[in-house]
Amino acid sequence: MKKLGLDYGDRRIGVATSDIFGWTAQALETIERRGNGNEFQRIRELVKEHEIGEIVVGLPKNMNGSVGPRGEICIEFADQLREQFEMPVHLWDERLTTVSAERVLIEGDVSRKKRKGIVDKMAAALILQNFLDANSKR
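Residues numbered from 1 in each chain as written. Predicted model: local features only at pLDDT ≥ 70, side-chain atom pairs only at ≥ 80, totals over all residues. Heavy atoms only, no water.

Peer 1: I tried to follow the overall build of the protein on my own but got confused; where do I start?
Peer 2: Broken down by element type, the protein carries 4 helices and 5 strands. The helix and strand sequence of the protein, counted from the amino end, reads β-β-β-α-β-α-β-α-α. Projected onto the principal axes, the alpha-carbon positions of the protein cover approximately 40 × 35 × 30 Å. A buried classification covers 42% of the 138 residues belonging to the protein. When contacts within the protein are restricted to residue pairs at least 6 apart in sequence, long-range pairs at least 24 apart make up 61% of them. Summed over all atoms, the accessible surface of the protein reaches about 7,900 Å², with 50% contributed by carbon and sulfur. Charge separation in the protein, taken as the distance between the mean sites of 22 positive and 22 negative side-chain charges, equals 4 Å. (Helix = DSSP H or I, 4+ residues; strand = E, 2+ residues; numbered from the N terminus. Buried < 20%, exposed > 50% of the residue type's maximum accessible area, 1.4 Å probe, protein only. Contact = heavy atoms within 4.5 Å. Areas by Shrake-Rupley, 256 points an atom, 1.4 Å probe, with all protein chains shown as cover. Lys, Arg positive; Asp, Glu negative; His and termini not counted. Charge placed at Lys NZ, Arg CZ, Asp CG, Glu CD.)

Written as C-alpha cells, this is what we have:
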C-alpha cells in the first residue's frame, strides 16, 4: 500500500509518495495554497492516481518537543484529511526537515530560484522516508 507524504506550509504543500513496498519516498510535486480549498481536490486526485492507502503529515515541533501554533495548524489539517479521505493519517515529527532539504539543495549547487520550487517536495520526501524507516518491517 502506497503512502503520501505532505509537508504542509502557509503557501505551499510539498508532496511525496512511497513505492508500493513502503521502502522509499520520492518527491512528487508542490501544491500552491490559494486559500480556496483547492489543495484538497489536488490531494484527492493524487490519492486516486497513485493508489494511496495512508497519508503522513509533517508535524513541526519545537526543539523541546512541544507543539506550537504551527503544529496545531498541521494537526487541524490532518484531522480534515481524515474526515475527507477516510483513511489513516499519521502525524510525523518533521523537525529540521526543511533545513535538511535546503542544505542538500545548496550542496548540490541548485540556484536560489530553483530551490524555492523544490524544497517543499524534498522536505515531504524526507518526512515520508523517516516515517517509512521508523515503521519498516524489514
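Peer 1: Whenever I open this one, helix 2 (residues 69-85) confuses me. Can you help?
Peer 2: Three or four residues apart is the spacing at which side chains of an α-helix point the same way, because the helix has 3.6 residues per turn. Spanning 17 residues, helix 2 covers 24 Å between terminal C-alpha atoms, matching the ideal 24 Å at 1.5 Å per step. Burial in helix 2 covers these residues: Gly 71, Cys 74, Phe 77, Ala 78, Leu 81 and Phe 85. Across the axial projection of helix 2, the buried residues extend over an arc of 115°, all falling on one side. Seen from the buried face of helix 2, the exposed residues on the opposite side, beyond 90 degrees, are Pro 69 and Glu 83. Against the buried residues of helix 2 lie strand 1 (2-8), strand 2 (12-18), helix 1 (38-49), strand 4 (52-59) and strand 5 (89-93). (Expected span 1.5 Å × (residues − 1). Arc of directions from axis to C-beta.)

Peer 1: How do you make sense of the packing of aromatic side chains when you look at a structure like this?
Peer 2: How two aromatic rings sit relative to each other is given by the distance of their centres and the angle of their planes. Counted by the stated rule, this structure contains 4 aromatic pairs. Aromatic side chains Tyr 8 and Phe 77 sit 3.9 Å apart centroid to centroid with 15° between the ring planes, which places their arrangement in the stacked category. Of the two residues, Tyr 8 is situated in strand 1 and Phe 77 in helix 2; the sequence distance between them amounts to 69 residues. The exposure classification of Tyr 8 matches that of Phe 77, with both residues buried. (Phe/Tyr/Trp six-rings, centres within 6.5 Å; stacked < 30°, edge-to-face > 60°.)

Peer 1: What is the right way to look at the side chain of Asp 7 in this model?
Peer 2: As for its placement among the helices and strands, Asp 7 is situated in strand 1. For the buried residue Asp 7, which engages in no salt bridge, the nearest side chain bearing the opposite charge is Arg 70, 7.7 Å off. (Salt bridge = Lys/Arg side-chain N within 4 Å of Asp/Glu carboxyl O.)

Peer 1: Please clarify how the environment of Gly 9 should be interpreted in this entry.
Peer 2: The residue Gly 9 is located in the loop between strand 1 and strand 2 in this model. Along the sequence, Gly 9 and Glu 102 sit 93 residues apart, while their C-alpha atoms lie 15 Å from each other. In this structure, Gly 9 is in contact with Arg 33 and Arg 70, ignoring residues within four places of it in sequence.

Peer 1: Explain the pairing of strand 1 to me, please; I cannot follow it from the model alone.
Peer 2: When a strand is regular, its side chains alternate between the sheet's two faces. For strand 1, the tally of buried residues reaches 6 of 7 residues, placing the bulk of the element in the interior. Bridge analysis of strand 1 against strand 4 gives 5 bridges, and the strand direction is parallel. Note that in strand 4 the partner of Leu 4 across the bridge is Ile 55. In this structure, strand 1 lies alongside strand 2, joined through 5 bridges in antiparallel fashion. Residue pairing across strands places Leu 4 opposite Thr 17, the latter belonging to strand 2. In textbook terms, the turn of a hairpin is the stretch between consecutive antiparallel strands, and for strand 1 and strand 2 this stretch comprises 3 residues. (Pairing = 2+ DSSP bridges.)

From the geometry alone we can't say anything about function, so treat these as descriptive.
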